[in-house]
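Residue-level structure breakdown
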Amino acid sequence: MLIANGIGAYFCLDTLSDSMFDRALFISPIVNMEQLIQDMMAWAGVNEEELCRRKEILTEFGETLSWKYLCYVREHPIEWSSKTDILYGEKDHLIRIDTVRTFAEKIGASLTVMPDGEHWFHAAEQMDFLDEWVQKRLKA
(Lines give C-alpha, C1' and ligand atoms only; values in the text may rest on other atoms or scores of the structure.)
Protein backbone atom coordinates (compact mmCIF):
# COMPACT_ATOMS: atom_id res chain seq x y z
CA MET A 1 0.00 0.00 0.00
CA LEU A 2 1.10 3.52 -0.76
CA ILE A 3 -0.19 6.65 0.98
CA ALA A 4 1.09 10.02 -0.20
CA ASN A 5 0.00 13.64 -0.34
CA GLY A 6 0.71 16.77 -2.35
CA ILE A 7 4.09 16.85 -4.02
CA GLY A 8 4.97 13.55 -2.35
CA ALA A 9 2.23 11.94 -4.43
CA TYR A 10 3.78 13.45 -7.56
CA PHE A 11 7.22 12.07 -6.69
CA CYS A 12 5.65 8.63 -6.15
CA LEU A 13 3.81 8.85 -9.47
CA ASP A 14 7.04 9.86 -11.18
CA THR A 15 9.44 7.36 -9.60
CA LEU A 16 7.24 4.37 -8.72
CA SER A 17 5.25 4.00 -11.93
CA ASP A 18 6.84 0.59 -12.59
CA SER A 19 5.83 -0.64 -9.13
CA MET A 20 2.50 -2.29 -8.51
CA PHE A 21 0.63 -1.54 -5.30
CA ASP A 22 -2.49 -3.28 -4.04
CA ARG A 23 -3.81 0.20 -3.40
CA ALA A 24 -2.61 3.80 -3.43
CA LEU A 25 -4.22 6.59 -1.44
CA PHE A 26 -3.41 10.10 -2.61
CA ILE A 27 -4.43 13.18 -0.62
CA SER A 28 -4.40 16.52 -2.49
CA PRO A 29 -2.06 14.99 -5.06
CA ILE A 30 -0.15 16.97 -7.63
CA VAL A 31 -1.02 14.80 -10.61
CA ASN A 32 0.09 17.15 -13.38
CA MET A 33 3.27 19.01 -12.49
CA GLU A 34 3.44 20.73 -15.87
CA GLN A 35 0.02 22.29 -15.28
CA LEU A 36 1.04 23.42 -11.80
CA ILE A 37 4.26 24.99 -13.11
CA GLN A 38 2.32 26.76 -15.87
CA ASP A 39 -0.19 28.04 -13.30
CA MET A 40 2.65 29.31 -11.08
CA MET A 41 4.22 31.00 -14.09
CA ALA A 42 0.91 32.77 -14.75
CA TRP A 43 0.62 33.81 -11.08
CA ALA A 44 4.15 35.24 -11.29
CA GLY A 45 3.61 36.90 -14.68
CA VAL A 46 6.37 34.81 -16.28
CA ASN A 47 6.21 33.33 -19.78
CA GLU A 48 8.12 30.35 -21.14
CA GLU A 49 10.54 32.49 -23.14
CA GLU A 50 11.60 34.38 -20.01
CA LEU A 51 11.92 31.21 -17.95
CA CYS A 52 14.00 29.57 -20.70
CA ARG A 53 16.29 32.60 -20.88
CA ARG A 54 16.70 33.09 -17.10
CA LYS A 55 16.68 29.34 -16.21
CA GLU A 56 15.37 29.98 -12.66
CA ILE A 57 13.07 32.65 -11.29
CA LEU A 58 12.25 33.14 -7.61
CA THR A 59 8.59 34.17 -7.28
CA GLU A 60 7.05 36.59 -4.79
CA PHE A 61 5.12 33.65 -3.32
CA GLY A 62 8.31 31.80 -2.38
CA GLU A 63 8.56 29.20 -5.15
CA THR A 64 11.42 28.96 -7.61
CA LEU A 65 10.38 28.38 -11.21
CA SER A 66 12.90 26.23 -13.07
CA TRP A 67 13.26 25.76 -16.81
CA LYS A 68 15.17 22.50 -16.24
CA TYR A 69 12.35 21.14 -14.08
CA LEU A 70 9.65 22.17 -16.57
CA CYS A 71 11.57 20.34 -19.30
CA TYR A 72 11.95 17.29 -17.03
CA VAL A 73 8.22 16.96 -16.34
CA ARG A 74 7.44 17.31 -20.04
CA GLU A 75 9.94 14.58 -20.89
CA HIS A 76 8.62 12.23 -18.16
CA PRO A 77 4.83 11.93 -18.44
CA ILE A 78 3.06 10.10 -15.64
CA GLU A 79 1.95 6.54 -16.25
CA TRP A 80 0.11 4.84 -13.36
CA SER A 81 -1.79 1.57 -13.13
CA SER A 82 -2.19 0.72 -9.43
CA LYS A 83 -5.67 0.82 -7.90
CA THR A 84 -5.93 4.35 -6.57
CA ASP A 85 -8.23 6.46 -4.41
CA ILE A 86 -7.89 10.25 -4.38
CA LEU A 87 -9.05 12.77 -1.78
CA TYR A 88 -9.31 16.37 -2.96
CA GLY A 89 -10.33 19.51 -1.07
CA GLU A 90 -13.06 21.55 -2.75
CA LYS A 91 -11.18 24.78 -1.99
CA ASP A 92 -7.75 23.55 -3.07
CA HIS A 93 -6.00 26.70 -4.31
CA LEU A 94 -3.04 24.85 -5.79
CA ILE A 95 -4.43 22.07 -7.96
CA ARG A 96 -7.43 22.46 -10.25
CA ILE A 97 -10.33 20.05 -9.81
CA ASP A 98 -10.53 19.46 -13.57
CA THR A 99 -6.86 18.39 -13.56
CA VAL A 100 -7.47 15.91 -10.75
CA ARG A 101 -10.73 14.67 -12.28
CA THR A 102 -9.07 14.10 -15.68
CA PHE A 103 -6.25 12.16 -14.04
CA ALA A 104 -8.66 10.08 -11.95
CA GLU A 105 -10.70 9.19 -15.05
CA LYS A 106 -7.56 8.32 -17.02
CA ILE A 107 -6.32 5.81 -14.43
CA GLY A 108 -9.72 4.62 -13.17
CA ALA A 109 -9.27 6.06 -9.68
CA SER A 110 -12.05 6.90 -7.28
CA LEU A 111 -12.24 10.61 -6.44
CA THR A 112 -13.68 12.00 -3.21
CA VAL A 113 -14.09 15.77 -2.90
CA MET A 114 -14.29 17.14 0.63
CA PRO A 115 -16.67 20.13 0.80
CA ASP A 116 -14.74 23.19 2.03
CA GLY A 117 -11.52 21.13 2.13
CA GLU A 118 -8.25 22.84 1.29
CA HIS A 119 -5.00 21.65 -0.28
CA TRP A 120 -3.51 21.12 3.17
CA PHE A 121 -5.76 19.13 5.47
CA HIS A 122 -4.99 20.78 8.80
CA ALA A 123 -8.17 21.94 10.58
CA ALA A 124 -9.82 19.51 13.00
CA GLU A 125 -12.83 18.87 10.75
CA GLN A 126 -10.53 18.29 7.76
CA MET A 127 -8.40 15.85 9.74
CA ASP A 128 -11.53 14.01 10.91
CA PHE A 129 -12.74 13.75 7.30
CA LEU A 130 -9.32 12.53 6.19
CA ASP A 131 -9.16 9.92 8.97
CA GLU A 132 -12.63 8.62 8.12
CA TRP A 133 -11.77 8.53 4.39
CA VAL A 134 -8.58 6.55 5.03
CA GLN A 135 -10.37 4.10 7.34
CA LYS A 136 -13.07 3.46 4.72
CA ARG A 137 -10.46 2.88 2.03
CA LEU A 138 -8.50 0.49 4.23
CA LYS A 139 -11.62 -1.59 4.86
CA ALA A 140 -12.61 -1.68 1.18
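For clarity, every value in this text was computed on a predicted model and none was experimentally measured.

Let's shift gears to the overall build of the chain. Helix and strand counts for the chain come out as six helices and six strands. For the chain, the N- to C-terminal ordering of α and β elements is β-α-β-α-α-β-β-α-β-α-β-α. A globule of 140 residues ought to have a C-alpha radius of gyration of about 14 Å, and the chain, at 16 Å, matches this closely. Projected onto its principal axes, the C-alpha positions of the chain cover 50 × 35 × 20 Å. Within the chain, the proportion of its 140 residues that are buried is 45%. Counted over contacts in the chain with a minimum sequence separation of 6, partners at least 24 positions apart contribute 60%.

So, on to the sheet that holds strand β1 (residues 2-5). On the basis of which strands lie adjacent, the open sheet formed by four strands has the order β1-β2-β5-β6 and parallel pairing. Edge positions in the sheet fall to β1 and β6 (110-114), since each of these pairs with one other strand and no more. Ignoring strand direction, the axes of neighbouring strands in this sheet form an average angle of 15°. Where strand β2 (residues 24-27) meets strand β5 (residues 84-89), four bridges bridge the pair, whose relative direction is parallel. Of the residues in β5, the one forming a bridge with Ile27 is Leu87. Packed on one face of the sheet, helix α1 (residues 6-15) meets β1 and β2 and runs near 130° to β1.

Reading the values: rules and limits
- Residues numbered from 1 in each chain as written.
- Predicted model: local features only at pLDDT ≥ 70, side-chain atom pairs only at ≥ 80, totals over all residues.
- Heavy atoms only, no water.
- Helix = DSSP H or I, 4+ residues; strand = E, 2+ residues; numbered from the N terminus.
- Rg over C-alpha atoms; globule rule 2.2 N^0.38 Å.
- Buried < 20%, exposed > 50% of the residue type's maximum accessible area, 1.4 Å probe, protein only.
- Contact = heavy atoms within 4.5 Å.
- Pairing = 2+ DSSP bridges.
- Axes fitted to C-alpha atoms, helices over the stretch in contact; angles between N-to-C directions.

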